[in-house]
Amino acid sequence: MANNRVSFYNLAWRWHFYAGLFVIPFMIMLSVTGGIYLFKPQLDNLLYSDLMSVQPGSQALSADQQLERLRQAYPQAAVSQYLPPADVDRSAQFVATLDSRKQNVFVDPYSGKIMGIQDAENNLQAISRSLHGTLLIGTLGDRLIELAAGWAVVLVVSGLYLWWPRGQAVHGVFWPRLASRGRLFWRDLHAVTGFWGSLLLLFMLLTGMTWTGYWGESFAAVWNRFPAAMWNEVPKSGLQARTLNSATDQTVAWAVENTPLPVSDPHAAHKGHVTQEDAPSASQVSLRQVVDTARERGVLPGYSITLPADATGVFTIAVFANDPRNDATLHIDQYSGRVLADIRWKDYGIVARSVEMGVVLHEGKFFGLANQLLMFGVCLLILLSAVSGLVMWWKRRPQGSLGVPPLRHDLPLWKTAVMIMIGLGIVFPLVGMSLLAVWALDRLVLSRIGVSKAIAS
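These numbers were taken from a predicted model, which means no experiment stands behind them. (Residues numbered from 1 in each chain as written. Predicted model: local features only at pLDDT ≥ 70, side-chain atom pairs only at ≥ 80, totals over all residues. Heavy atoms only, no water.)

Chemist: Teacher, can you tell me more about helix 4 (residues 63-73) here?
Modeler: In an α-helix, one turn spans 3.6 residues, which is why side chains three or four residues apart end up on the same side. Among all positions in helix 4, only Ala63, Gln66, Leu67 and Leu70 are buried. Around the axis of helix 4, the buried residues are gathered within 100 degrees of arc, so they sit on the same side. Where helix 4 is buried, its residues contact strand 1 (78-83), strand 2 (92-98), strand 3 (101-107), strand 4 (114-119) and helix 9 (287-296). (Buried < 20%, exposed > 50% of the residue type's maximum accessible area, 1.4 Å probe, protein only. Helix = DSSP H or I, 4+ residues; strand = E, 2+ residues; numbered from the N terminus. Arc of directions from axis to C-beta. Contact = heavy atoms within 4.5 Å.)

Written as structure tokens, this is what we have:
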């Protein structure tokens, strides 16, 4: 049994090494960018207070009047979104394309003054979010993040096996031996922080995976369903609501990403009122009417209104609330003002509710500053474990070698580990494909190189 235990340890160490080699750079990046995005409200107030804060007045301009002031200042602007003031001392915000760049335009809702513009894709929070989700390289970056998150699960599972106490004292197991020096100090720091952060890291990984482009979309397609009757009387486009989200900004909640995006009917406003011959050309309902609809339907402040992208597009009122029980997504016909869909927490299934609750906890939004600090602590644990792992590897690696733990060829079959690996490969297909590739490379190439060097020496 002793030999088997040593063999299992050797094998787990080898896979832990491979996982760490790939995952650690991503974990460092995700910890830093995630830590920045956690404090978005505070950082926005600190960095952009001149754009976001206003002196409350007696009477605010309507949304249409604010939009008119923007168009007077920027006649060529293509406006795509409106964010009403979330409070009486906050500015209104429009998202518009100016000179081929997506810009945030801030307007004083009382005076109509243009307070300034901000590059919507080139500011601290937008860059942090895009790095966190796509590495700033689109779909390829999304797949790499998803792959790293899956391999991080392998890292946690193998790390817990390596950490598991085998008769030694609690020092170096549940808390580090801070008086030690050199590699022992870094080993304790790596193992102990990894242990205490393991469950929280798994939580962060799994809740973050729901936003990935491959696994997240597949997961949503299976579990995130709404009654078909909700859409029976709704004219639908070939698009889904997820198209309203981007790498730098989130408009609709995850729970509604795979719902159909309705279309507007240019003749809807005239049906039953005038004949086709007498019908005037279709006119769009005003932005003020959409704001009124949000208020009448009880949508909480902090929502956005996405404007129709074309002649068949819809207005979309959406709030991804700090408390997901206040989420709302409404699609409105741009001609008649009819509410085509109104999706709330009550419509979410149990999986969607669980995911949404996990996501707001992940983003530090659910219970205020305490939630932010808790998640920031997790970021620090991950960062510390990753950096200490790098230092430990650097100190122990042989000169001129990568330092891969040697693979013994007399290892017995570890059925539990095999089942865990197969399970991870099925649940996370990208991980499964990469596991097979790494296993083949390790078995057929790297291990033989190690054997050849050993014989030569």
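There is more to say after this.
Chemist: Explain the sheet that holds strand 2 to me, please; I cannot follow it from the model alone.
Modeler: Adjacent strands of a sheet pair through backbone hydrogen bonds, lying either parallel or antiparallel. Pairing within the open sheet is antiparallel, and its eight strands lie in the order 4-3-2-1-7-8-9-10. Strand pairing shows two members of the sheet lacking a second neighbour, strand 4 and strand 10 (339-344), which therefore form its edges. Pairwise comparison of adjacent strand axes, ignoring direction, gives a mean angle of 20 degrees for this sheet. Alignment of strand 3 against strand 4, held across five bridges, turns out to be antiparallel. Residue pairing for strand 4: Val107 is matched across the bridge by Ile114. Contacts between helix 4 and the sheet are confined to strand 1, strand 2, strand 3 and strand 4, with strand 2 contributing the most and set at about 35 degrees to the helix. (Pairing = 2+ DSSP bridges. Axes fitted to C-alpha atoms, helices over the stretch in contact; angles between N-to-C directions.)

Chemist: Looking at this structure, how should I read the side chain of Gln118?
Modeler: When you line up the elements, Gln118 lands in strand 4. Gln118 has contacts with Tyr48, Leu51, Lys102, Gln103, Asn104, Phe106 and Asn123, leaving out every residue within four places of it along the chain.

Chemist: Sorry if this is basic, but what is going on with the nonpolar core here?
Modeler: Taken as a class, soluble globular proteins show a tendency for nonpolar side chains to be buried jointly. Core analysis: the largest hydrophobic core is formed by 57 residues, its most contacted members being Met27, Trp151, Leu205, Trp254, Tyr348 and Phe428. Ranked by the residues each element gives to this core, the list is headed by helix 6 (residues 139-163), at ten residues. Setting aside residues no more than four positions away along its own chain, Trp254 makes contact with Thr210, Trp211, Gly216, Phe219, Ala220, Asn224, Ala352, Val355 and Glu356. Within the second largest apolar cluster, 29 residues are counted, among which are Val291, Leu307, Val319 and Ala328. (Core = buried A, V, L, I, M, F, W, Y, C linked by side-chain atoms within 4.5 Å.)

Chemist: For this particular structure, what's the right way to read the confidence of the model for the chain?
Modeler: Parts of the prediction with low pLDDT should not have their coordinates interpreted in detail. A residue-level look at the chain finds 85% of positions with pLDDT of 70 or above and a mean pLDDT of 85. Here helix 13 (residues 429-456) stands out as the element of the chain with the lowest mean pLDDT, 66, in contrast to strand 7 (residues 304-306), whose mean of 98 is the highest. Every residue in residues 1-6 is under pLDDT 50, and counting partners more than four places away or in other chains gives four contacts. (pLDDT = per-residue confidence, 0-100.)

Chemist: Sorry if this is basic, but what is going on with the environment of Val291 here?
Modeler: Positionally, Val291 belongs in helix 9. On the basis of relative accessible area, Val291 is assigned to the buried category, the value being 18%. The sequence separation of Val291 and Tyr82 amounts to 209 residues, and the corresponding C-alpha distance is 9.9 Å.

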